[in-house]
Structures are given as structure tokens and as C-alpha cells.
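Structure at a glance
Here are the chains, one letter per residue:
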Amino acid sequence: DAGVIQSPRHEVTEMGQEVTLRCKPISGHNSLFWYRQTMMRGLELLIYFNNNVPIDDSGMPEDRFSAKMPNASFSTLKIQPSEPRDSAVYFCASSKSGTGDTQYFGPGTRLTVL
Amino acid sequence: QKEVEQNSGPLSVPEGAIASLNCTYSDRGSQSFFWYRQYSGKSPELIMFIYSNGDKEDGRFTAQLNKASQYVSLLIRDSQPSDSATYLCAVMGYGGSQGNLIFGKGTKLSVKP
């Protein structure tokens, strides 16, 4: 079975540019999570979807961040405009349901904003 | 603010020894607890989960939960160099936060041959 797929694996961009990160969850999973990991703050939940509907976006840092899940097999996290402090590893994870099921993480996207 | 606290380490143990990793959490209503392992440059992967007070064993791993003390731990018996990684404790919210995992910053474990 294919795991969670993320693209790109690495992204280097300049401050002010738009960045779009993509995620394909495991087939049959109904919940999708976007996390950000930095040395200083650890692994932080940004937003999670259940059945394509955003359930909790309280972790989204500010209006520059937006996330969509147009269908059960695809989600995007967009940063516009990007800033150097957005540099981090962004993980997507999915689970069968949000309530206590194991979350399976994708390989992550390492974002560097210059 | 719900918090999950872990000693950042590094925790260094000799090969074959027992490694003990600890975690405390602030939300008394939390019901589900998870341990993830993360190798350097890789994504977190689930090792164990525990819901009930007491011990849960899986191979060389034992998770221990004490809800009264808001404490969860992971014991790794017969530690191997391949166990060297960062171990993340995660606590699942409840009610409106159900589905949210709150992660600690992790404890880095080093197993010396």
C-alpha cells in the first residue's frame, strides 16, 4: 500500500513568493492533518480535516497560511507571501478517522525561505 | 494551553540496557496517548498507543500510563543502536479537540554499542 505522499520533498524559495505544498492521504483514510516541525517549537498541528471539511484550524499561524481539501485524495497547504520564519519541515498525516486512530505521516516537505 | 512535556535529552544508554523515556501532560481529560519514533531526517512513526492506566507491552517496548499523575512513559528493553532516535510523546485531545494530537518536543535517545 502506498503511504501518505507529499510533494515537493524540498522547496527553496525567496521571501514574498507563494509556496504550495501538496499531500495525498492513504486511500480510505477520512482524516488529514498538516503539521509543521521546527527545532524551537517541535511538531505543531496546523489544521486538520475530517471528510474533507476543516475541523480545527486554530494552529494556522496567520492569514498568510491557507489549506484546502477539494476531495478525499488531495490537499494543499499554501503560504502567501512566504517569510524566512516559515522555514520548517511540513508534514501531512492521515488516519482512518480523527478519533484516536493511528496517524500515518508522509515524508515531509523541507521548506527554506531565503 | 494544553502542554506535553518531555526531557529533551540526549539520553544515552549502553547497548542492552533499559531506556526509560518520560512524558507529562497538562490536560487532565486526555484519554489517548501515543509514542512516536523519529529518526533524523525522517517522519514520525507510531510505536505504541495506550488508553488505560497501567502497562502495555509490545515486544521490547512497554508503555506505562498513570492518569492520576498525568504521566506516561516508554521503556525500551535490551536497547539496540538502531533504537537511537528521537521519541515523541503525543496526547490526543477530547471533546472539541478530538482528533488533535499534541506532541511533546521529543527526547533524543542514543544507544552506545
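Our subject in this report is the structure included herewith. Computed from a predicted structure; not experimentally measured.

Take the interface of chain B and chain A next. Facing the 16 residues of chain B at the interface are 19 residues of chain A. Interface area for chain B against chain A, summed over the two sides, is near 1500 Å², with a carbon-plus-sulfur share of 52%. Our count for the contact surface shared by chain B and chain A stands at 4 residue pairs in polar contact (both at pLDDT 80 or more). Of all elements in the fold, only β4 (32–38), β9 (85–92) and β10 (101–103) of chain B reach the threshold of two or more residues within the side of chain B that touches chain A. The element contributing the most residues to the side of chain B that touches chain A is β4 of chain B, with 3 residues. The residue inventory of the side of chain B that touches chain A, partitioned by class, reads 9 nonpolar, 5 polar and 2 charged.

It is worth spelling out the packing of aromatic side chains at this point. Here the structure, examined in full by the defined rule, presents 11 aromatic pairs over all chains. A network of ring pairs unites the aromatic residues F33, Y35, Y48, F91 and F105 of chain A together with Y36 and F103 of chain B as a single cluster. One Lys or Arg, K56 of chain B, reaches over the ring of F49 of chain B and ends 3.6 Å from the middle of that ring. The residue whose ring lies beneath R60 of chain B is F61 of chain B, and the NZ or CZ to ring-centre distance is 5.5 Å.

Below, the discussion takes up the state of the cysteines. One pass over the full model with this rule turns up 2 disulfides over all chains. Two residues share a disulfide in this structure: C23 of chain A and C92 of chain A, whose sulfurs sit 1.9 Å from each other. One quick way to see it: the torsion about the S-S bond of C23 of chain A and C92 of chain A is about -70°, and its sign makes the bridge left-handed. With C23 of chain A in strand β3 (residues 19–24) and C92 of chain A in strand β9 (residues 88–95), the pair connects residues that are 69 residues apart, well separated along the chain. Like C92 of chain A, C23 of chain A is buried. With its sulfur 2.1 Å from that of its partner, C23 of chain B forms a disulfide with C89 of chain B. On the sign convention where negative means left-handed, the S-S torsion of about -70° between C23 of chain B and C89 of chain B marks this disulfide as left-handed. Taken together, the positions of C23 of chain B in strand β3 (residues 19–25) and C89 of chain B in strand β9 put the pair 66 residues apart, joining distant regions of the chain. Note on C89 of chain B: relative accessible area 0%, which makes it buried.

Next up on the list: unusual backbone geometry. Residues and elements named next belong to chain A. In the segment running from S7 into P8, the intervening peptide bond is cis, with an omega of -10°. Positionally, P8 belongs in the loop between β1 (5–7) and β2 (10–13). With omega at -5°, the peptide bond leading from Q80 into P81 counts as cis. The phi dihedral of N51 is positive, around 50°, even though this residue is not glycine. Topologically, N51 is positioned in the loop between β5 (42–50) and β6 (53–56).

Criteria and cut-off values
Residues numbered from 1 in each chain as written. Chains lettered and ligands numbered in written order. Predicted model: local features only at pLDDT ≥ 70, side-chain atom pairs only at ≥ 80, totals over all residues. Heavy atoms only, no water. Contact = heavy atoms within 4.5 Å. Buried area = accessible area lost by both parts, 1.4 Å probe. Polar contact = N/O pair within 3.5 Å; in protein donor to acceptor, adjacent residues only side chain to side chain. Helix = DSSP H or I, 4+ residues; strand = E, 2+ residues; numbered from the N terminus. Nonpolar A, V, L, I, M, F, W, Y, C, P; charged D, E, K, R; others polar. Phe/Tyr/Trp six-rings, centres within 6.5 Å; stacked < 30°, edge-to-face > 60°. Lys NZ or Arg CZ within 6 Å of the ring centre and 35° of its normal. Disulfide = S-S within 2.5 Å. Buried < 20%, exposed > 50% of the residue type's maximum accessible area, 1.4 Å probe, protein only.

Everything listed here is a matter of geometry and, on its own, says nothing about what the molecule does.
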